[in-house]
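# Architecture at a glance
Residues per chain, in single letters:
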Amino acid sequence: MCSFHRLFLAAFPLITLVGARSYSRHRPITVGRLSTDGTYTVQDYYHGEDFFNDWDFYTGSDPTGGNVIYQNKSAAQSERLAYVKSDGTTVLAVDSTSTVAAGGDRDAVRITSQNSYNGGLFILDASKMPVGCSTWPSFWTVGPNWPYGGEIDIVEGINDQAKNQMTLHSGTSHSCTIDTDDSNEFTGSVLSSNCYSTETSDSGCSIMDSSSTSFAYGFNNAGGGVFALLWDNSTGMSMWHFARADIPDDLTARAPTPSNWGTPSGFWSAQTCDITDNFYDHQMVIDTTICGNWAGGAYSQSGCPGTCTDMVANASNYVGKFPLNA
C-alpha cells in the first residue's frame, strides 16, 4: 500500500490531575507517515513543554456546561495546574485548593493542538486518568464549525463509569452510521448507531469498550495503557485499547503496525459513513470538566452521593491520590 498516511502517536508524559482518585499520565505524541512495510514512522512529536508551546490553552466558556473556568497558559502555570516534572511528565490539573460554593466553578485546563489533521494514526499512552464522581475527562479530535467538521471521542467517560466510551459525531444528516451488521469487526458494544449530531441532539454514535481496564479504576489499577485511533478515509475509523501489559512491541518501538493488532474495540465502516465528508481539519483536544451536561445530567443514576453541584464544593474530591511516578 503506497498511499500517504500520518501518525499521531500520543505517547506523551502528560498527567491530568482531577478527582479524588484520579489523574492521568501520558507519553509523547508523534505524527508519522506510512512506510512501505506497513509500519508508521514519526512525523510530529509532542513531549513535555511542547504541550504548552505547540498547543493552545482554551479560555472560553465550557461548551458542555461544566463547572470549570479554563485558564490561560500563564495562569495555569502560576496555579500549578499545568507543569512539567523533572522526568518529562506533563501535568494538567483541576484546582483542589480553593473554596468554591456548591454549583460554583473550579479552575481547570483544556488544551488544543495548533496543528490540524485529515487522517492518520492517533495513539495515547497513559498511566493514569481522572476518575470519580463529577469528573468528565476526554481525549478527542474536532473539526471546524462544529458539528459540520465532525468530532471523534477517543477516550471519554463520566463519574464512576467503568469502561471507555468511543463516539463519532457527524454534521451531515443520515450520511454516517455504525454498521451493526459488522459487529464481528469490533469487540465493543454499540450504544447508539446514528452519528448525526446537532446543537440540541449531540449523542452521536457510540461503542462501549468491552474491557474493564479501558477506563477509570480498572485502567489505573492496570498501570494504564494505550488508546489508538486509525483514521483511514477509505476504510473507516478503528479504535483499540491495550492494557499496559498488552501493549504491542511495535508500539514500544515507535513503529506501530495496526494490521498486527487484531480486532479493534470499535469500528465505523466507510461503507456506512462518509468519512471525508464528515471529518476534516481536526485538532486534538485534552481536557477535564466537572459536572456539565453529561456528568451532571447522569449524576443521579451514577451511584455517586449527593448532587453533582454539591461535589464541586468538595475540594478534596479533586486532589490526586495516586503517586505521580506509579
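Everything numeric here is computed off the predicted structure, so don't read it as measured data. (Residues numbered from 1 in each chain as written. Predicted model: local features only at pLDDT ≥ 70, side-chain atom pairs only at ≥ 80, totals over all residues. Heavy atoms only, no water.)

### As for the pairing of strand S15 (residues 165-169)
Burial within S15 is extensive, with five of its five residues counted as buried. Here strand S14 (residues 151-156) pairs with S15 via three bridges, running antiparallel. For Asp153, the partnering residue across the bridge sits in S15 and is Thr167. (Buried < 20%, exposed > 50% of the residue type's maximum accessible area, 1.4 Å probe, protein only. Helix = DSSP H or I, 4+ residues; strand = E, 2+ residues; numbered from the N terminus. Pairing = 2+ DSSP bridges.)

### Some thoughts on the packing of aromatic side chains
Scanning all chains against the criterion turns up nine aromatic pairs. Their ring planes at 45° and their centres at 5.8 Å tell us that Phe52 and Phe57 sit as a pair that is tilted. Comparing Phe52 with Phe57 shows no difference in burial state: the two are buried. With 5.9 Å between their ring centres and 70° between their planes, Tyr58 and Tyr70 make a pair best called edge-to-face. With a gap of 12 residues between them, Tyr58 in the loop between strand S6 (55-57) and strand S7 (68-70) and Tyr70 in strand S7 connect regions that are remote in the sequence. With a relative accessible area of 26%, Tyr58 lands in the partly exposed category. Look at Tyr70 and you get buried, because its relative accessible area is 3%. (Phe/Tyr/Trp six-rings, centres within 6.5 Å; stacked < 30°, edge-to-face > 60°.)

### Overview of the side chain of Asn164
Position of Asn164 among the secondary structure elements: in the loop between S14 and S15. Classification of Asn164 by relative accessible area gives buried; the value is 1%. A distance of 3.0 Å separates the side chain of Asn164 from the backbone oxygen of Ile154, its partner in a polar contact. (Polar contact = N/O pair within 3.5 Å; in protein donor to acceptor, adjacent residues only side chain to side chain.)

### Digging into the nonpolar core
Grouped together as the largest cluster of nonpolar side chains are 45 residues, with contacts concentrated most on Ile152, Ile154, Leu168, Met237, Trp268 and Phe279. The next biggest cluster of nonpolar side chains, apart from the first, holds 14 residues, and it includes Val94, Ile290, Tyr299 and Met311. (Core = buried A, V, L, I, M, F, W, Y, C linked by side-chain atoms within 4.5 Å.)

### Observations regarding the confidence of the model for the protein chain
The predicted model of the protein chain averages 86 in pLDDT, with 86% of residues at 70 or higher. Taken as a whole, residues 1-27 scores under 50 in pLDDT and shows 168 contacts with residues more than four places along the chain or in a different chain. When the criterion is pLDDT under 50, residues 321-326 qualifies, and its contacts beyond four places in sequence or with other chains add up to 20 contacts. (pLDDT = per-residue confidence, 0-100. Contact = heavy atoms within 4.5 Å.)

### Describing the pattern of salt bridges
Within this structure, the stated rule accounts for two salt bridges. Ionic pairing is found between Asp95 and Arg106, a salt bridge with its closest N-O pair at 3.1 Å. Here Asp95, found in the loop between strand S9 (90-93) and strand S10 (106-108), pairs with Arg106, found in strand S10; they are 11 residues apart in sequence, far enough to count as distant. By the burial criterion, Asp95 is buried, and Arg106 matches it. The partner of Arg244 in a salt bridge is Asp125, with the nearest N and O atoms 2.8 Å apart. A residue pair is termed long-range when its members are at least 10 positions apart, and Arg244 in the loop between strand S19 (236-243) and helix H4 (249-252) and Asp125 in strand S12 (residues 120-126) qualify at 119 residues. You can call Arg244 partly exposed: its relative accessible area is 25%. (Salt bridge = Lys/Arg side-chain N within 4 Å of Asp/Glu carboxyl O.)

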